[in-house]
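Single-letter residue listing:
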Amino acid sequence: MVYAGGESEAAKTLIATQCDAYVMHGDEAPVIAEKIADMKARRAATGKPPMTFGMAAYAIVRDTEDEARAEVERITTLDPNAPGFSNFDQWLSGTQLEREMKLQEYSVSNRGLRPGLIGTPAQIKARIAAYEEAGLDLLLLQMSPQYEEMERFAEQVIN
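Rules behind the numbers
- Residues numbered from 1 in each chain as written.
- Predicted model: local features only at pLDDT ≥ 70, side-chain atom pairs only at ≥ 80, totals over all residues.
- Heavy atoms only, no water.
- Axes fitted to C-alpha atoms, helices over the stretch in contact; angles between N-to-C directions.
- Helix = DSSP H or I, 4+ residues; strand = E, 2+ residues; numbered from the N terminus.
- Parallel < 35°, antiparallel > 145°, perpendicular 65-115°, else oblique.
- Left-handed = near helix turned anticlockwise from the far one by under 90°.
- Contact = heavy atoms within 4.5 Å.
- Nonpolar A, V, L, I, M, F, W, Y, C, P; charged D, E, K, R; others polar.
- Core = buried A, V, L, I, M, F, W, Y, C linked by side-chain atoms within 4.5 Å.
- Buried < 20%, exposed > 50% of the residue type's maximum accessible area, 1.4 Å probe, protein only.

*Asks:* I'd love a proper account of the packing of helix H1 (residues 9-18) against helix H2 (residues 29-46), names of residues and values included.
*Replies:* Between H1 and H2, whose axes approach to 8 Å, the crossing angle comes to 55 degrees. Viewed along their axes, H1 and H2 adopt a mutual orientation that is oblique. The crossing of H1 and H2 is right-handed. Residues Glu9, Lys12, Thr13, Ile15, Ala16 and Thr17 of H1 lie in contact with H2, whose contacting residues are Asp38, Met39, Arg42, Arg43 and Thr46. When the residues that make up the contact of H1 with H2 are grouped by side-chain class, the tally is 3 nonpolar, 3 polar and 5 charged.

*Asks:* How would you explain the nonpolar core if you had to name every residue and give the values?
*Replies:* Counting 24 residues, the largest nonpolar core has Phe53, Leu136 and Phe153 as the members making the most contacts within it. Taken together, the elements giving at least two residues each to this core come down to H1, strand E2 (21-24), H2, strand E3 (52-58), helix H6 (121-134) and helix H7 (146-158). At 4 residues, H2 tops the list of elements feeding residues into this core. Membership of the second largest hydrophobic core comes to 7 residues, among which are Ala68, Val72, Leu113 and Ile118.

Structure representation (structure tokens):
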């Protein structure tokens, strides 16, 4: 069983005792490292095998950092009258988030911009290495358009 999300103590206990994997919303590497360390300790107390840890992230690979930032600007510049964004404040008031969320983050699901997988191939490789050091096992990557950007990611980052 895989559990995605959940920040309450009850959810953390459920994850540690009943799940094989924990998939988190996107966040900075130190925040992810803290969550993984906490969950590893909780899991060790159960005597069960280690868990797998994953994170959702949005990736933008470009030849230059300026090109990558321009793409971020393009995808996060929102028309306040566009369908789906008019209820942001209502949605936000009904959530129990651990940190404040900005409308820009709402434009990309699962807090996907927080991991910072935006930039040149070398910059993204370095950021992924930081997540590996934090204990992350897998990334669930989002891109748009998905097929074309996955091809670029595969050629320039994974190669």
